[in-house]
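Per-entry structural report
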Amino acid sequence: LFRRFAPTTCDSGLYAIWQQASGWCACTRLLVNSATSARAMLYDYLERELLAHLNAEQCNLLSGLAYLPRFSEALCAELWEELHDTSSLREMLRAHTYFQPLDSEGQWYCILPAVAQALQGRIDLNPLNRLRLRACRGLSAAGFIEDAIDLAFSAGRADVAANYMATLNPGWLLSGRNLSRLLDWHGRL
C-alpha cells in the first residue's frame with residue numbers, strides 16, 4: 001500500500017508513518033495522503049466516531065491518556081480520583097481499537113501514537129503538567145523509570161527527571177541503546 005499511494009516517499013518516511021499508525025490501515029492511508037492536514041482530519045474523525053459516543057468522564061480520561069507513554073487500570077485509578085471504578089477504562093479498551101497492549105498479560109496499554117497526537121491539546125498546561133508529574137510517580141513505582149524521566153521532561157521539570165536518572169543502575173547504561181538515551185537526557189538537562 002505504501003508503494004502504491006506514496007511511491008516517492010523514502011523508507012524512513014514510510015517507517016515513521018507506520019510507527020504513527022501502528023498498523024491501522026485507515027490512519028496509515030490518511031497520513032500518506034495528507035501529512036500536513038492529517039492530524040486535523042484524524043481529530044475530526046475521532047470527534048465524530050469516538051468522542052461523540054463517550055461520556056464526559058471517558059472523554060476526560062482519554063484526553064489525559066493521550067499524553068502518557070503507557071497506562072494500566074491501577075495507574076488510571078491513581079491519577080483520576082473521580083474514577084470510582086475502572087469500568088469506563090475497561091469498556092473503552094474492549095470497544096475501541098485505538099489502544100495497544102504493551103505486555104502479554106494485558107495490564108499495560110498505550111494509545112496509538114497518531115491518535116494520541118490528534119487528541120492532545122484538550123487539557124490546559126497546568127493540569128496537564130500535574131497529571132504528568134503524578135504519572136511519573138506511578139510509572140516509577142511500577143519500574144518504568146525511563147517513561148517517568150521522559151514525562152518529567154515533558155512537564156518542564158528537569159530537576160524531577162534528574163532525580164529519576166540518579167536511580168538508574170549502572171547495568172542499565174550497558175543494555176540496549178541506553179547510552180544514546182542518557183546522552184539525550186543529559187543534553188535536555
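Attention in this report is confined to the structure presented alongside it. (Residues numbered from 1 in each chain as written. Predicted model: local features only at pLDDT ≥ 70, side-chain atom pairs only at ≥ 80, totals over all residues. Heavy atoms only, no water.)

**Quick word on the overall build of the protein chain**
A tally of helices and strands in the protein chain yields 13 helices and 2 strands. In summary, the protein chain has a C-alpha radius of gyration of 18 Å against a globular reference of 16 Å for 189 residues, a match within 12%. In terms of principal-axis extent, the alpha carbons of the protein chain reach across some 45 × 45 × 35 Å. Expressed as a percentage of its 189 residues, the buried residues of the protein chain come to 43%. By sequence separation, contacts in the protein chain at least 24 residues apart represent 56% of the contacts at least 6 residues apart. Approximately 10,600 Å² of the protein chain is accessible, and the part contributed by carbon and sulfur atoms is 53%. Positive and negative side-chain charges in the protein chain, numbering 17 and 19 respectively, have mean positions lying 6 Å apart. (Helix = DSSP H or I, 4+ residues; strand = E, 2+ residues; numbered from the N terminus. Rg over C-alpha atoms; globule rule 2.2 N^0.38 Å. Buried < 20%, exposed > 50% of the residue type's maximum accessible area, 1.4 Å probe, protein only. Contact = heavy atoms within 4.5 Å. Areas by Shrake-Rupley, 256 points an atom, 1.4 Å probe, with all protein chains shown as cover. Lys, Arg positive; Asp, Glu negative; His and termini not counted. Charge placed at Lys NZ, Arg CZ, Asp CG, Glu CD.)

**Comments concerning a nonpolar patch on the surface**
On the surface, Leu-173, Leu-174, Leu-179 and Leu-183 cluster together into a nonpolar patch covering about 420 Å² of accessible area. Of all the elements in the fold, those that place two or more residues in the nonpolar patch are helix 12 (170-174) and helix 13 (178-188). You can see Leu-174 is positioned in helix 12. The exposure class of Leu-174 is exposed, given its relative accessible area of 75%. (Patch = residues over 30% accessible without salt bridge, like charges linked within 9 Å, V, L, I, M, F, W, Y side chains within 5 Å. Salt bridge = Lys/Arg side-chain N within 4 Å of Asp/Glu carboxyl O.)

**Details of the packing of aromatic side chains**
Considering all chains together, one arrives at 4 aromatic pairs under this definition. Through a chain of ring-to-ring contacts, three or more aromatic side chains come together here, namely Phe-71, Phe-99 and Tyr-109. One residue, Arg-70, lies across the ring of Phe-144, its end atom 3.9 Å from the ring centre. (Phe/Tyr/Trp six-rings, centres within 6.5 Å; stacked < 30°, edge-to-face > 60°. Lys NZ or Arg CZ within 6 Å of the ring centre and 35° of its normal.)

**A short note on the nonpolar core**
Core analysis: the biggest nonpolar cluster contains 58 residues, and Leu-65, Phe-71 and Ile-149 have the highest contact counts within it. Tallying contributions element by element places helix 10 (residues 145-154) first for this core, with 6 residues. Beyond its immediate stretch of four places on either side in the chain, Ile-149 contacts Ala-161, Tyr-164, Met-165, Leu-168 and Trp-185. (Core = buried A, V, L, I, M, F, W, Y, C linked by side-chain atoms within 4.5 Å.)

**As for helix 7 (residues 87-95)**
If you check which residues of helix 7 are buried, you get Ser-88, Leu-89, Met-92 and Leu-93. Buried residues of helix 7, viewed axially, fall in a sector of 130 degrees; they line one side. Seen from the buried face of helix 7, the exposed residues on the opposite side, beyond 90 degrees, are Arg-94 and Ala-95. Those residues of helix 7 hidden inside the fold are in contact with helix 5 (56-65), helix 6 (73-79), strand 1 (99-101) and strand 2 (109-111). (Arc of directions from axis to C-beta.)

**Looking at the side chain of Asp-147**
Inspection of the secondary structure puts Asp-147 in helix 10. Overall, the relative accessible area of 13% leaves Asp-147 in the buried class. Those residues in contact with Asp-147, other than ones at most four positions away along the chain, are Pro-69, Arg-70, Leu-139 and Arg-181.

**Focus on the pattern of salt bridges**
For the coordinates displayed, the defined rule picks out 6 salt bridges. Glu-73 is the salt-bridge partner of Arg-90, the closest N and O atoms lying 3.1 Å from each other. One end of the pair, Arg-90, is in helix 7; the other, Glu-73, is in helix 6, with 17 residues separating them in the sequence. Of the residues examined, Arg-90 reaches a relative accessible area of 38% and is grouped as partly exposed. With relative accessibility at 29%, the residue Glu-73 sits in the partly exposed group.

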